[in-house]
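What the coordinates show
These are the residues of each chain, in order.
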Protein chains: 2
Amino acid sequence: MAKTSSLEYALLGLLKQLPQSGYDLRKIFATTPMRHFSDSPGSIYPALRRMQGRKWLVAGAEGGNARKRQAFRVSRAGERALVEWLRRPITREDVIWRNQELALRFAFLDGNVEREFTRTFLDDLERELTDYTRELRDYARSMKSDSGPNTGLLAFQQGVEGYEAQLAWARRARKQLKEASYESR
Amino acid sequence: MAKTSSLEYALLGLLKQLPQSGYDLRKIFATTPMRHFSDSPGSIYPALRRMQGRKWLVAGAEGGNARKRQAFRVSRAGERALVEWLRRPITREDVIWRNQELALRFAFLDGNVEREFTRTFLDDLERELTDYTRELRDYARSMKSDSGPNTGLLAFQQGVEGYEAQLAWARRARKQLKEASYESR
DNA sequence: GTGCACATGTAATGTGTTACATGATTAT
DNA sequence: ATAATCATGTAACACATTACATGTGCAC
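Residues numbered from 1 in each chain as written. Chains lettered and ligands numbered in written order. Predicted model: local features only at pLDDT ≥ 70, side-chain atom pairs only at ≥ 80, totals over all residues. Heavy atoms only, no water.

Here's the deal with the interface of chain A and chain B
Each side of the interface is counted separately: chain A has 36 residues, and chain B has 35 residues. Area buried by chain A at its contact with chain B is led by Arg35, Thr151 and Gln158 of chain A, which between them contribute 21% of it. Linking chain A to chain B there are four salt bridges. Note that Arg172 of chain A and Glu161 of chain B form a salt bridge whose closest N and O atoms lie 2.8 Å from each other. For the interface between chain A and chain B, the tally reads 15 residue pairs in polar contact (both at pLDDT 80 or more). Where the side of chain A that touches chain B is concerned, the elements lending two or more residues are helix 5 (92-97), helix 6 (99-107), helix 7 (115-143) and helix 8 (151-183) of chain A. (Contact = heavy atoms within 4.5 Å. Buried area = accessible area lost by both parts, 1.4 Å probe. Salt bridge = Lys/Arg side-chain N within 4 Å of Asp/Glu carboxyl O. Polar contact = N/O pair within 3.5 Å; in protein donor to acceptor, adjacent residues only side chain to side chain. Helix = DSSP H or I, 4+ residues; strand = E, 2+ residues; numbered from the N terminus.)

Spelled out as structure tokens, the structure:
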């Protein structure tokens, strides 16, 4: 069971929203806040190929001509893979090593899972962030003994504050979702 | 001119602070907040080898025996490489693609560059973060038209708030450094 | 003398990066 | 027709990950 890179899921999620070509996807990575993905052809076209090989994508039938624009759409199997990824339990390892990927997963929840799951996602994220920030703060106490503000300690604090900002966001997002569900009654 | 991975600079910075063995370094990655680096031998030992090849490190002379603990220390050339990395101008690309690496660089400033440079670093970081958050907020306005809170927009906001938290940190850090320099008169 | 933690290494694999190559379409 | 842009592809390379292999020193 080969692991799927987060680039592939990004492509899958985007193609689920709107079937389009590799070139279109590259332009998204080149010009929108999804910039942190590389727009190089050497990463995107091979990824699309791999996903075709797994039958997650089907290429829009374009006349036999190569070198012509061809849009991809997500197959049933592709949808299943996407949803499986979205529904994966959130672990502390996700928070530490794959934080960007978590944001990507959250962004793609709409339209792919029931609304209730979005709240579960935020609950789980809050739990992991709470645990992890507690651990980091404990660690900070143990290094505070050093004299004066040094850049090592400051850099560490930046990390902690980043996680705390994310935690604050998660709480607020949950509240907003609840309010929205009242309104829609 | 081969690019050096951020793992190698992490190792270099740690060894500059305290000469130690590959195993010691692995333990640091396994047990401290530097966890987001992998502690796998398959990444660390080859990296140390590469750096030895570049003469950035010298192995503590341990009797002919392999399989025995050997500490590395940073050579003059290694120090120069470290300082060159620390002093690199901060670009928007750093902020977007190599944010973690920026934090690492900041953490290693102490003891390797003059204190004045730390302020320059924070100034430059503030500038890039200010520009980039402005750009992100502009983009946010353009997608706000969609109805209600959707997870895509919320995920995007999380990203912006992360950068804003970092900006707030940078301002605060600069203030603290200034106060510390008053005290030390 | 057996087991466990210490300590280093390597081989297979997959993927991202960079740089280059090539054909198709549109504007001038 | 020619340049620019659209659109896809590939080859070389470096690196991280995973899993496995090997040896050392100490405790019991």
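Considerations on the sheet that holds strand 3 (residues 71-74) of chain B
All names here are of chain B. Overall, antiparallel pairing links the three strands, which are arranged 1-3-2 in an open sheet. What marks the edges here is a single partner per strand, and that holds for strand 1 (20-21) and strand 2 (57-59). Sheet topology places strand 1 next to strand 3; two bridges connect them, and they run antiparallel. Looking at strand 3, one finds that Ser21 is bridged to Ala71. (Pairing = 2+ DSSP bridges.)

Some remarks on the domain arrangement of chain A
Residue and element names in this part refer to chain A. Examined at the domain level, chain A breaks down into domain 1 (6-86) and domain 2 (92-183). Contacts between the two partners involve 14 residues from domain 1 and, on the opposite side, 11 residues from domain 2. Buried surface at the junction of domain 1 and domain 2, both sides included, amounts to about 1,000 Å², of which 65% is carbon and sulfur. Seen at the junction of domain 1 and domain 2, the total is zero salt bridges. Scanning the region where domain 1 abuts domain 2 turns up four residue pairs in polar contact (both at pLDDT 80 or more). Put simply, the parts of the chain that give the side of domain 1 that touches domain 2 at least two residues each are helix 1 (6-17) and helix 4 (76-87). Here the side of domain 1 that touches domain 2 gets seven residues from one element, more than from any other, and that element is helix 1. (Domains from an automatic or database assignment.)

A few points about the pattern of salt bridges
This model, assessed by the stated rule, comprises 36 salt bridges over all chains. Close ionic contact of Arg87 of chain A with Glu114 of chain A constitutes a salt bridge, the shortest N to O distance being 3.2 Å. Residue Arg87 of chain A is found in helix 4, and its partner Glu114 of chain A is found in the loop between helix 6 and helix 7; the two are separated by 27 residues along the sequence. By relative accessible area, Arg87 of chain A is classed as partly exposed at 37%. On the basis of relative accessibility, which here comes to 39%, the residue Glu114 of chain A falls in the partly exposed class. For Arg174 of chain B, the salt bridge is made with Asp123 of chain B, and the minimal N-O distance between the two is 3.3 Å. Remark: Asp123 of chain B occurs in helix 7 (residues 115-143) and Arg174 of chain B occurs in helix 8 (residues 151-183); sequence separation between them is 51 residues. Residue class for Asp123 of chain B comes out partly exposed when judged on its relative accessible area of 33%. Here the salt bridges share partners, and the residues they tie into one network are Asp123, Glu126, Arg171 and Arg174 of chain A. (Buried < 20%, exposed > 50% of the residue type's maximum accessible area, 1.4 Å probe, protein only.)

Things to note about the relation of the copies chain A and chain B
The two copies are related by a screw operation: chain A maps onto chain B through 180 degrees of rotation and 0.0 Å of translation along the axis, at an RMSD of 0.0 Å. Those values place the two copies in the arrangement expected of a two-fold rotation axis. Among all residues of chain A, the one whose C-alpha sits closest to the rotation axis is Gly162 of chain A, at a distance of 3.0 Å. A symmetric contact is evident, with 97% of the interface residues of chain A recurring at the interface of chain B. (Least-squares fit on C-alpha atoms with pLDDT ≥ 70 in both.)

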